[in-house]
Amino acid sequence: MPAPAALLARIPPGAVQRPRSKPLYQLSLGLVTLFCVLVPVIYAGLVIGVGWLLHGYYTGPAMELERGGIIGRLLVFIVPGFVGVVVILFMLKPFFAPRAKQHPPVQLADNEERQFVAAIHALCRAIGVRPPSAIQLNYQVNAWVQFEHGLRGLLGGRKQLSIGLPLVAGLSSRQLVGVLSHEFGHFAQGAGMRCSFVINTVNRWLESRAYHPDEWDERLERWGEESDNFYVYLLTGTASLGLWVTRLLMRGLFQISFRISRRLSQEMEFDADRYEALVSGSACFRATALQLRALSRAFREADGSNALAWREGKLAADLPAAVKSRLEHLDAAAWTSLADELDGNVETRYWDSHPADQSRIANAERLQAPGLFLDERPASLLFDNFAALSARVTQSYYRDMGLSYSPQQLVDAGEVLELNKLPAAAEAALKRYGNDMLDDCRLLSPEAAGMPEWAGLGWQECIDQLRGMAPDVVPAWQRLRQQDKRRRTLAFWLVLIDQHLEFRMPNGAEPDAAQLRIEYAQLQAPGHADLRLVRRALALFARRIECAMSAMPVDAQAVARQRSKLIQSLHDLSPRREEMSELRCSVDALGRGRGRGGEDEAILEAMYELAHRYHDRCQEWLGRAAGVPVPGSDRDLRQYLLSRCAKVIDAHGDRLAYLRAMSPMDDAVAHLYRENLAELAMLAEAAEKAAGIRPIRLWNPPAGAGS
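Definitions and limits used
- Residues numbered from 1 in each chain as written.
- Predicted model: local features only at pLDDT ≥ 70, side-chain atom pairs only at ≥ 80, totals over all residues.
- Heavy atoms only, no water.
- Helix = DSSP H or I, 4+ residues; strand = E, 2+ residues; numbered from the N terminus.
- Buried < 20%, exposed > 50% of the residue type's maximum accessible area, 1.4 Å probe, protein only.
- 1 Å grid on protein atoms, 1.4 Å probe; cavity = no way out; pocket = protein on both sides within 12 Å on 5 of 7 lines; lining within 4 Å.
- Points joined across faces, edges and corners; volume = space filled by probe spheres on them.
- Nonpolar A, V, L, I, M, F, W, Y, C, P; charged D, E, K, R; others polar.
- Salt bridge = Lys/Arg side-chain N within 4 Å of Asp/Glu carboxyl O.
- Expected span 1.5 Å × (residues − 1).
- Pairing = 2+ DSSP bridges.
- pLDDT = per-residue confidence, 0-100.
- Contact = heavy atoms within 4.5 Å.
- Core = buried A, V, L, I, M, F, W, Y, C linked by side-chain atoms within 4.5 Å.

## Quick look at the side chain of serine 305
Next, step 1: Mapped onto the elements, serine 305 comes out in helix 12 (residues 285-311).
Next, step 2: What makes serine 305 buried here is its relative accessible area of 16%.

Take a look at the structure:
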C-alpha cells in the first residue's frame with residue numbers, strides 16, 4: 001500500500017469546492033476591519049492631543065502664574081511637564097519598542113521531507129490556495145498557517161505552515177490532514193483572512209497596552225515607593241494617575257474592538273471546519289475533537305513529568321514521543337472525563353474566538369461529507385524521518401526555555417514518565433492491601449506492632465478493625481493533607497513576620513502574628529482527632545504486617561524484614577524532613593514574591609537565611625541516613641537520595657542553589673517508602689491467602705468494572 005503522503009498527493013486539484021460568499025458577512029468584516037484600522041489613528045490622535053494640551057499650558061496659563069512662592073511656581077512648571085512627558089513617552093513606546101529576540105524555529109530545508117512537502121502542496125491545490133513558502137515545526141499541540149513576516153507577508157500573500165510534532169505523534173494521518181485542511185481553509189477565505197490578520201493584530205496591541213504593565217510602569221512605581229521626598233512622590237503619583245487614565249481609554253477601545261470581532265472569528269471557524277469535513281469526512285470530526293483534547297492533556301502531564309525529571313538533571317530526549325506515550329496510557333476514567341468535557345462544551349460566549357465544540361461538530365456532521373483522504377495510519381508516517389525531527393524540535397524547546405544540559409542528560413521518554421511511579425502490579429497490590437487507608441504524608445512505623453496496645457491483637461482481628469474504620473480513615477487522610485498545606489502556608493507567613501517583611505492576608509487584612517502562631521502550633525500538635533485516627537490505623541497495619549511476616553516462608557520473611565527496617569528508618573527520619581520541607585516551601589514562596597516591590601534585597605536576604613538553616617538540617621538528616629541499607633541496591637539511603645539530587649554537585653557552596661538542588665528529595669523519599677510498602681503488601685497478601693485470612697475488601701471487582 002502506498003505511503004500516506006503518496007496517497008495525499010493524489011488528491012486532484014480543485015477537489016474541494018469553496019462555499020458561496022455571504023454579502024452580509026463580507027460587509028460586516030469590512031466594517032470591523034475599518035474600525036480596527038482607525039484605532040491606531042485614534043491612539044495617535046490621543047498622543048498628539050496630550051502634546052497639544054502640554055504646549056497650550058506652557059504658552060498660556062503657566063506663563064501667567066507669576067505669583068506665589070518659589071516652591072509653588074516650580075511645582076506649577078515642573079509637575080505638568082513631567083506628567084505630560086511621561087504620559088507621551090509611555091504612549092509612544094508601543095510604536096517603537098523592539099520585538100523580543102526569539103531563537104530561529106526548526107524549519108524544513110528545501111531538500112528535507114520532500115514527499116511530505118509534495119503532499120502539502122497537493123492539499124493546497126485541492127483547496128485552491130497557494131502552498132506555504134515555509135514549513136516550521138514546534139513542540140505545541142497545535143497547527144496554524146500565518147502570513148510570513150507579518151505585514152510583508154500580508155501584502156505579498158506568502159504564508160508559512162507551523163506544525164506541532166506532538167500533534168503529529170498523537171493523531172492519525174486522516175485526522176492530521178483534516179486539521180491542516182482547516183488551517184488552509186482559513187486562507188481560502190481570501191480577503192477574510194487578511195481582514196482577520198489586521199483585526200487580531202490591533203486587538204493584541206490594544207490588549208497589551210490596556211492590561212499589561214511593563215518595566216517602565218514598575219520603575220515609576222518603585223521611584224515613588226523608595227523616595228521619602230514628598231515632591232518626588234507627587235510627581236510619580238500624578239504621572240501614574242495619567243497613565244491609569246490612558247489605560248482606561250485603551251481598555252474601552254479594546255473591549256469595543258474585541259466584542260465586535262469575536263462573532264466574525266466564530267463564523268470563520270465554521271467556514272474552515274467545512275474544509276476539514278470535506279477532506280477528512282464528517283464522521284471523523286468528533287473523533288478528532290476528542291483526540292485534540294486528549295493530546296492537550298497528555299502534553300501537560302508529560303511536560304509536568306519532564307519538569308520534575310529536570311530537577312534530577314534529566315530531560316526527555318523526545319518530547320513528542322513522551323506525549324504519545326502518555327496519551328497511550330490514559331485510562332478509561334480519563335477518556336470518560338474528556339468525552340464529558342467535549343459533550344458539555346455547548347455554549348459559545350461572546351468572547352470566544354471559536355464556537356463551542358458541539359456546535360462545530362453538528363455543523364460538520366450536517367454536511368455528511370464522505371471525505372477525500374481516509375488513511376487511518378499514524379500521522380508520523382507522513383514523514384520520512386519523524387524521530388529525527390522530533391529530537392530537533394525537543395532540543396529547540398529546551399533552548400527556548402534557556403536550559404543548559406549535556407547529551408548524557410537526555411533519557412528515554414519512559415524513564416521520565418515513570419519517575420516516582422510504581423509498577424502497575426505493585427500499585428494495584430498496595431491499593432488492595434491498604435484499601436485507600438495508607439498515605440505517604442504520615443509514614444507507618446513497623447515497630448508500633450510491638451506496643452502493648454496492639455501486641456495482643458490477632459491477625460484477623462486487626463483486619464476486621466481496619467475494615468470498620470475505613471469510612472472514617474479515608475476522609476481523615478484527605479483532611480490531613482489539607483492541614484499540611486495550611487501548615488506550610490502558616491509557616492511562610494510567620495517567616496515574613498519574623499523577617500519584618502510587609503504583607504497582607506488573602507482577605508486584605510493585616511496579619512495577626514499571635515493568632516497565626518497559635519493556629520500553627522495547633523496544627524503541629526500530636527493530639528488532634530484526625531491524627532489520632534490515622535495513627536491508630538497505621539498501628540493496626542503494622543500489627544497486620546508483623547502477623548503476616550511471622551507466617552511467611554524463611555526466604556520471603558528475610559526480604560520482608562529488610563523492607564520493614566527501611567520503612568522504620570524513613571519513619572524515624574520524617575519529623576526533621578517535614579521541617580525541611582517547610583523551609584523549602586517558604587524559600588520558593590519568597591522567590592515568587594521577588595520583583596513585585598521595593599523589598600527585593602530584604603527578600604533575598606531572608607531566602608539565604610532560610611537556605612542556610614535548610615542546609616544545616618539537611619546535612620544532619622543525611623548523616624543519620626548514612627548506613628541505612630536500601631533493599632535491592634548497593635547504596636545506603638544517603639547515597640541513594642544524593643543520586644536522585646544530581647544537581648547538588650553544581651551548588652558550589654551556594655546555600656540557595658543547594659536547597660533547590662535538593663528539592664527532589666521529598667519525592668524520592670515518598671517513592672522509596674511506597675515502593676517498599678508495596679513490596680511488603682504483596683508478600684503479606686500471599687501470606688494471608690495461604691493462611692485463609694480474609695482481607696479488608698471482601699470482594700474485588702473484575703478489571704474494568706466499578707468498585
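## Things to note about unusual backbone geometry
Next, step 1: The backbone of glutamate 113 sits at a positive phi, close to 45°, despite the residue not being glycine.
Next, step 2: Within the fold, glutamate 113 resides in the loop between strand 1 (106-107) and helix 5 (114-127).
Next, step 3: One non-glycine residue, glutamine 368, adopts positive backbone phi at about 50°.
Next, step 4: Of the residues examined, glutamine 368 reaches a relative accessible area of 68% and is grouped as exposed.

## Some words on the layout of surface pockets
Next, step 1: Taken as a whole, the second largest pocket encloses approximately 580 Å³ of empty space.
Next, step 2: The wall of the second largest pocket is formed by 26 residues, among which Arg442, Leu531, Arg535, His571 and Glu578 lie closest to the centre.
Next, step 3: Elements represented by at least two residues in the lining of the second largest pocket include exactly helix 19 (452-455), helix 21 (513-524), helix 22 (529-551) and helix 23 (554-593).
Next, step 4: Here the element with the most residues in the lining of the second largest pocket is helix 23; it accounts for 7 residues.
Next, step 5: Looking at the lining of the second largest pocket, its residues break down into 13 nonpolar, 5 polar and 8 charged.

## Structural notes on the pattern of salt bridges
Next, step 1: A full pass over the atoms with the stated rule returns 35 salt bridges.
Next, step 2: Notably, a salt bridge pairs arginine 326 with glutamate 301, separated by 2.6 Å at the nearest N-O pair. Placement of arginine 326 in helix 13 (residues 319-328) and of glutamate 301 in helix 12 is noted, with a sequence separation of 25 residues between them.
Next, step 3: Judged by relative accessible area, which is 17%, arginine 326 ranks as buried.
Next, step 4: Here arginine 694 makes a salt bridge to aspartate 464, at a shortest N to O gap of 3.7 Å. Of the two residues, arginine 694 is situated in the segment after helix 27 (665-691) and aspartate 464 in helix 20 (residues 459-498); the sequence distance between them amounts to 230 residues.
Next, step 5: Here the salt bridges share partners, and the residues they tie into one network are Arg442, Asp484, Arg487 and Glu582.

## Some points on helix 5
Next, step 1: A rise of 1.5 Å per residue sets the reference length of helix 5, with its 14 residues, at 20 Å; its end C-alpha atoms lie 20 Å apart and thus fit the reference within 8%.
Next, step 2: Within helix 5, burial applies to Phe116, Ala119, Ile120, Ala122, Leu123, Cys124, Ala126 and Ile127.
Next, step 3: Where helix 5 terminates, the next one or two residues include glycine 128, which has phi positive at roughly 95°.

## Describing the sheet that holds strand 4 (residues 159-164)
Strands pair in a sheet through their backbones, by hydrogen bonds, and they do so in one of two ways: parallel or antiparallel.
Next, step 1: What the 4 strands build is an open sheet, ordered 1-2-4-3; its pairing is mixed. Two strands in the sheet have a free side with no partner beyond their single neighbour: strand 1 and strand 3 (143-147).

## Some remarks on the confidence of the model for the protein chain
Next, step 1: Across the protein chain, pLDDT averages 86, with 86% of residues at or above 70.
Next, step 2: Within the model, the stretch residues 699-707 combines pLDDT values under 50 with 4 contacts to residues more than four positions away or in other chains.

## Observations concerning the nonpolar core
Next, step 1: Ranked by size, the top nonpolar core spans 95 residues in total, and within it Leu444, Leu590, Tyr614, Trp621, Leu637, Met662 and Met665 carry the most contacts.
Next, step 2: Looking at this core element by element, the count peaks at 17 residues for helix 20.
Next, step 3: Setting aside residues no more than four positions away along its own chain, methionine 662 makes contact with Tyr614, Cys618, Leu622, Leu642, Cys645 and Val648.
Next, step 4: Counting residues in hydrophobic clusters, the runner-up holds 66 residues, among them Leu108, Leu176, Leu315 and Val411.

## Things to note about the pairing of strand 4
Next, step 1: Of all the 6 residues making up strand 4, 6 are buried; the element is thus mostly covered by neighbouring parts of the structure.
Next, step 2: The side-chain alternation of strand 4 yields two buried faces, one formed by Lys159, Leu161 and Ile163 and the other by Gln160, Ser162 and Gly164.
Next, step 3: As defined by bridge partners, strand 2 (residues 134-138) adjoins strand 4 across 5 bridges and the pair is classed as parallel. Across the sheet, residue asparagine 138 finds its bridge partner in strand 4, namely glycine 164.
Next, step 4: Sheet topology places strand 3 next to strand 4; 5 bridges connect them, and they run antiparallel. The partner of phenylalanine 147 across the bridge, within strand 4, is lysine 159.

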